[in-house]
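Below are the chains, spelled out letter by letter.
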Amino acid sequence: MAERLVFLSYSGHDAFEASLLQYAVETMLAAEFLRVWTYQRDQARSERDVASALKARLRDSLAMLFLVSPSTLDGGAAQWMELAYADAFNVRTFILLHHLSFHELKAREAGVPPLLLASQCNQAMQWKEVVGDLRVLAKEASQP
């Protein structure tokens, strides 16, 4: 069975939490041949056109985990672009709010794109529910 990719987008300030999430999701979904990739860990450093490479890998991903925190709001332009790419390519997106509520997120008018819907957002502590949704998505994708 072919490996399925899930892209994990996060602010550099949240690298530790993201690495724990990446490990947990990969471990829990190993039987579904699912691998979580991140720009920091998996993007080729020799890549000349990073934006094109990122778009291509994101387009080929089964889903995207978008870890949003106050750090994202303070300077996450790259993360917002990754979210826009996922939206453009119809990549299923799961948003995990880390140290942030949906109300706090939407109260920040400046810098927060309208792409975020309450139905997509989960508190970061609900990450296991998202893993369950990813498991279902992986099984659906493996159906002929």
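On a predicted model such as this, the values are computed, not experimentally measured, just so you know.

Asker: Quick rundown of the packing of helix α1 (residues 15-28) against helix α7 (residues 127-142)? Include the residues and the values.
Answerer: In the contact formed by α1 and α7, the axes pass within 10 Å of each other and the chain directions differ by 40°. Of the possible angle classes, the one that applies to α1 and α7 is oblique. In this structure, the crossing between α1 and α7 has a hand that is right-handed. Only W127, V131, L134 and R135 of α7 make contact with α1, whose side of the interface consists of L21, A24, V25 and M28.

Asker: Quick one: what's the story with the confidence of the model for the protein, residue by residue and with numbers?
Answerer: Reading predicted coordinates in detail is not appropriate for stretches of low pLDDT. Model confidence for the protein is summarised by a mean pLDDT of 84, while 84% of its residues fall at 70 or above. Confidence scores differ between elements of the protein, with helix α2 (residues 39-42) showing the lowest mean pLDDT of 63 and α1 the highest of 95.

Asker: Outline the pattern of salt bridges, supporting the account with residue identities and numerical values.
Answerer: One pass over the structure, following the stated rule, counts 2 salt bridges. Residue R35 pairs with E3 through a salt bridge whose shortest N-O separation is 3.3 Å. With a gap of 32 residues between them, R35 in strand β2 (residues 34-37) and E3 in the segment before β1 (4-9) connect regions that are remote in the sequence. A residue is classified by how much of its surface remains accessible, and R35, at 22% relative accessible area, is partly exposed. R135 is the salt-bridge partner of E32, the closest N and O atoms lying 3.2 Å from each other. Of this pair, E32 sits in the loop between α1 and β2 while R135 sits in helix α7, and the two are 103 residues apart along the sequence. Residue E32 is classed as buried on the basis of its relative accessible area of 12%. Residue R135 is classed as partly exposed on the basis of its relative accessible area, which comes to 25%.

Asker: Mind laying out unusual backbone geometry, listing which residues take part and the relevant values?
Answerer: Even without being glycine, N90 reaches a positive phi, approximately 55°. With respect to the element layout, N90 can be found in the loop between α5 (77-88) and β4 (92-97). One non-glycine residue, H99, lies in the positive phi region at around 60°. Inspection of the secondary structure assignment puts H99 in the loop between β4 and α6 (102-107).

Asker: Give me the lowdown on the side chain of R4, citing residues and values where you can.
Answerer: On the secondary structure map, R4 appears in strand β1. E3 provides the closest opposite charge to the buried, salt-bridge-free R4, at an N-O distance of 9.7 Å. Within the local environment of R4, its side chain forms a polar contact with the backbone oxygen of A141, the two atoms lying 3.1 Å apart.

Asker: Tell me about the nonpolar core, and name the residues and values.
Answerer: Counting 20 residues, the largest nonpolar core has V6, L8, V25, L34, L65, F94 and L134 as the members making the most contacts within it. Per element, the largest residue contribution to this core is 5 residues, and it comes from α7. F94 has contacts with A63, M64, L65, F66, Q120, V130, D133, L134 and L137, leaving out every residue within four places of it along the chain. Among the nonpolar cores identified, the runner-up in size contains 19 residues, and F7, W37, L54 and C121 belong to it.

Asker: Describe the environment of L73, listing the residues and the values that go with them.
Answerer: Locating L73 in the fold gives a position in helix α4 (residues 70-75). Classification of L73 as buried rests on a relative accessible area of 13%.

Reading guide: rules and limits
- Residues numbered from 1 in each chain as written.
- Predicted model: local features only at pLDDT ≥ 70, side-chain atom pairs only at ≥ 80, totals over all residues.
- Heavy atoms only, no water.
- Axes fitted to C-alpha atoms, helices over the stretch in contact; angles between N-to-C directions.
- Helix = DSSP H or I, 4+ residues; strand = E, 2+ residues; numbered from the N terminus.
- Parallel < 35°, antiparallel > 145°, perpendicular 65-115°, else oblique.
- Left-handed = near helix turned anticlockwise from the far one by under 90°.
- Contact = heavy atoms within 4.5 Å.
- pLDDT = per-residue confidence, 0-100.
- Salt bridge = Lys/Arg side-chain N within 4 Å of Asp/Glu carboxyl O.
- Buried < 20%, exposed > 50% of the residue type's maximum accessible area, 1.4 Å probe, protein only.
- Lys, Arg positive; Asp, Glu negative; His and termini not counted.
- Polar contact = N/O pair within 3.5 Å; in protein donor to acceptor, adjacent residues only side chain to side chain.
- Core = buried A, V, L, I, M, F, W, Y, C linked by side-chain atoms within 4.5 Å.

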